[in-house]
Amino acid sequence: AKAVDALPPAPLAETAASPPPLFPTLSCSFSDVASEQATAGGGPFRDVTRGVAARAPLTINARSAESFETELFVGRCLLLLRPARREEDVFYSERLFDGRSRGLEMQVQGRFKRRPSGTVYLGGEVTERMQLGLVTRGLSKLILQLLVKFNPPGMHYSFGDREGRMLPHIVLPLWRAVDRLVASPPGTAPPELGVPLDESEAARSARKGGASLGEWDPSFTYSFSFNTGYIDLPHWKLHRLPMRDVYLSSFWSDSDLRLVVYEDAPGGGHAWRANRYALCVRITHSPAGGGGSRRQSSSRRLAAAAAARASENDVGDEADGEGGEGNSAALAASSAALAAAGAATLGVTLP
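Here goes a summary of the coordinates provided. Residue positions are given per chain, counting from 1 as you read along its sequence in written order. pLDDT decides what is reported in this predicted model: residues at 70 or higher carry local features, side-chain atom pairs at 80 or more are listed and counted, and totals for whole chains, interfaces and linings draw on all residues regardless. Note that the side-chain values use all heavy atoms of the structure and ignore hydrogens as well as water.

## Focus on the overall build of the protein chain
Only runs of H or I of at least four residues qualify as helices and only runs of E of at least two qualify as strands under DSSP, and these elements are numbered from the N terminus. Broken down by element type, the protein chain carries 12 helices and 16 strands. The 351 residues of the protein chain split such that 56% are buried. Residue contacts follow a heavy-atom distance rule, with two residues in contact if any of their heavy atoms lie within 4.5 Å. Long-range pairs, those at least 24 residues apart, make up 77% of the contacts in the protein chain between residues at least 6 apart in sequence. Just so you have it, the protein chain exposes about 14,300 Å², and 52% of that area is on carbon and sulfur atoms. A simple rule labels every residue: compare its accessible area, found with a 1.4 Å probe on the protein chains alone, to the largest value its type can have, and call it buried under 20%, exposed over 50%, or partly exposed in between. Every accessible area reported is derived by Shrake-Rupley at a probe size of 1.4 Å, with residue values counting cover from the shown protein chains alone.

## Notes on the side chain of Ser158
Position of Ser158 relative to the elements: it lies in strand E7 (residues 156-158). In protein, a polar contact means a hydrogen-donor-capable atom and an acceptor-capable atom, both N or O and within 3.5 Å, with residues adjacent in sequence counting only if both atoms are side-chain atoms; elsewhere, any N or O pair within 3.5 Å suffices. One polar contact links the side chain of Ser158 to the main-chain amide nitrogen of Gly160, over a distance of 3.2 Å.

## Focus: helix H4 (residues 90-97)
Every α-helix carries 3.6 residues per turn, so stepping three or four residues along brings you back to the same face. Buried residues dominate H4, accounting for six of its eight residues. Turning to H4, its buried residues number three or more, namely Phe91, Tyr92, Ser93, Arg95, Leu96 and Phe97. If you follow the buried residues of H4, they end up packed against strand E4 (73-81) and strand E5 (104-112). Among the residues trailing H4, Gly99 stands out with phi positive, at a value near 80°.

## Details of the packing of aromatic side chains
Note on aromatic pairs: the rings of Phe, Tyr and Trp (six-membered ring only in Trp) are paired at centre separations within 6.5 Å, and the planes decide the class, stacked below 30 degrees, edge-to-face beyond 60, tilted for the rest. Inspection of every chain in the model, using the stated rule, returns 13 aromatic pairs. When the ring of Tyr262 is compared with that of Tyr277, the centres are 5.5 Å apart and the planes differ by 65°; the resulting orientation is edge-to-face. Of the two residues, Tyr262 sits in strand E14 (residues 257-263) while Tyr277 sits in strand E15 (residues 276-285), which places them 15 residues apart along the sequence. For the pair Tyr262 and Tyr277, one class covers both residues: buried.

## Re the pattern of salt bridges
Salt bridge, as used here, is a side-chain nitrogen of Lys or Arg placed within 4 Å of a carboxyl oxygen of Asp or Glu. Considering all chains together, one arrives at 23 salt bridges under this definition. Of the charged contacts in the structure, one is a salt bridge between Arg258 and Glu36, with a shortest N-O distance of 3.0 Å. Linking Arg258 in strand E14 with Glu36 in helix H2 (residues 33-38), this pair joins segments that are 222 residues apart in sequence. The same class applies to Arg258 as to Glu36, namely buried. Look at the salt bridges and you will find they share partners, linking Asp179, Arg180, Glu201 and Arg204 into a network.

## Considering the environment of Leu193
Its location among the elements puts Leu193 in the loop between strand E9 (180-184) and helix H7 (201-209). Residue Leu193 is classed as buried on the basis of its relative accessible area of 1%. Each C-alpha atom, one on Leu193 and one on Phe224, is 9.6 Å from the other, the two residues being 31 residues apart in sequence.

## Side note on the pairing of strand E1 (residues 26-30)
Among the five residues in E1, four count as buried, and that is most of the element. Whether two strands pair comes down to DSSP finding at least two bridges between them. When E1 meets E15, the two strands line up antiparallel, connected through five bridges. Bridge assignment links Ser27 to a residue of E15, and that residue is Thr284.

## Structural notes on the sheet that holds strand E13 (residues 246-247)
Ordered by their spatial adjacency, three strands build an open sheet running E11-E12-E13, and the pairing between neighbours is antiparallel. Both edges of this open sheet fall to strand E11 (231-232) and E13, since each of them pairs with a single strand only. Summarising the sheet, E11 and strand E12 (residues 237-238) pair through two bridges and their orientation is antiparallel. Paired with Ile231 across the strands is Leu238, a residue of E12.

## Some thoughts on the nonpolar core
Leu79, Met106, Leu174, Leu233, Val281 and Ile283 are the most contacted members of the largest nonpolar core, which has 53 residues in total. Leaving out residues up to four positions away in the same chain, Val281 has contacts with Cys28, Ser29, Phe30, Leu58, Met106, Leu257, Arg258 and Leu259. Definition used in this section: a nonpolar core is a set of buried Ala, Val, Leu, Ile, Met, Phe, Trp, Tyr and Cys residues joined via side-chain atoms within 4.5 Å.

## Quick word on the sheet that holds E5
Read from one edge to the other, the open sheet built from five strands follows the order E3-E4-E5-E10-E9, with strand pairing classed as antiparallel. The open sheet has two edge strands with one neighbour each: strand E3 (66-69) and E9. Geometrically, the sheet is characterised by an average inter-axis angle of 20° between neighbouring strands, direction not taken into account. As paired strands, E4 and E5 are joined by nine bridges and run antiparallel to one another. Among the inter-strand pairings, Cys77 is bridged to a residue of E5, identified as Val108. For every element, the axis is a line fit to its C-alpha atoms; helices are fit only across the contacting stretch, and the angle between N-to-C directions ranges from 0 to 180 degrees. Strand contacts of H4: E4 and E5, with the helix running at about 105° to E4, the strand carrying the most contacts.

Shown next, in the form of structure tokens:
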């Protein structure tokens, strides 16, 4: 906590008299990644880390950013969701959502505790390996090819492995993936959180279009945000895609989603024990909480049929790849939900 207090004071949107809205189908927390990585043994991530408690809860649509600290980063975070009805959260509707298509925005502000030696990635992880049948292949291949074609290089994805070494994930270099990024040198006040971050269009275009993957100075305070209009977390589905809505439980079962920022350790290969996490926010969906329908869509019925054939047509093991490298085997074995969720989580472009 002392390190957090040492950050320059960051002005936040004025405190509202009304409390944050409730999202009864969701629970959200900062993961204790150091304790998770210290667990012994192999096997499925959720089994290995079952006894590790969350570090602290994270309030969705909190009226001020909430503090966190990992071995790599110290800072504050806001996870903001569009309310079902504007009057449920006028506070953030006025500041962030009105006139914009985004349904989710995460804002992070803080400092690296040391200079990263590897690439810093942003993206999403799923807590269980995905076992997929042939039915999902065509749609998965299409979505991943679109992601590779219409976004900057550097995307990495995996669908998990039998040993539990690698979680299903899709990530991009943070420097290029975030929507807005502001670097505040020592002695300057960082930008306000809770409203769109003010990065000039010229700086944003140069950052996203350049060859650099980021130069991170531990003396600077970094503020960054990413947003998307593709994901509806309270209903645990992807929408506004060039296809019908995709219910995440159709492909993820009861897995949790982790929004992550991490340094890929040299030689670590994106393995969850080797990643050096700057931030890990774990989101759990519980449809019994109230609003989240997991009704069967036709895509879910197809996925169920594929799962029934998984023992003979399992294509979910050890599939991983780098975007743009033509890994056709991994593309053919990919999950439509993971690929679409990657687009949604990262806010990357779908045509």
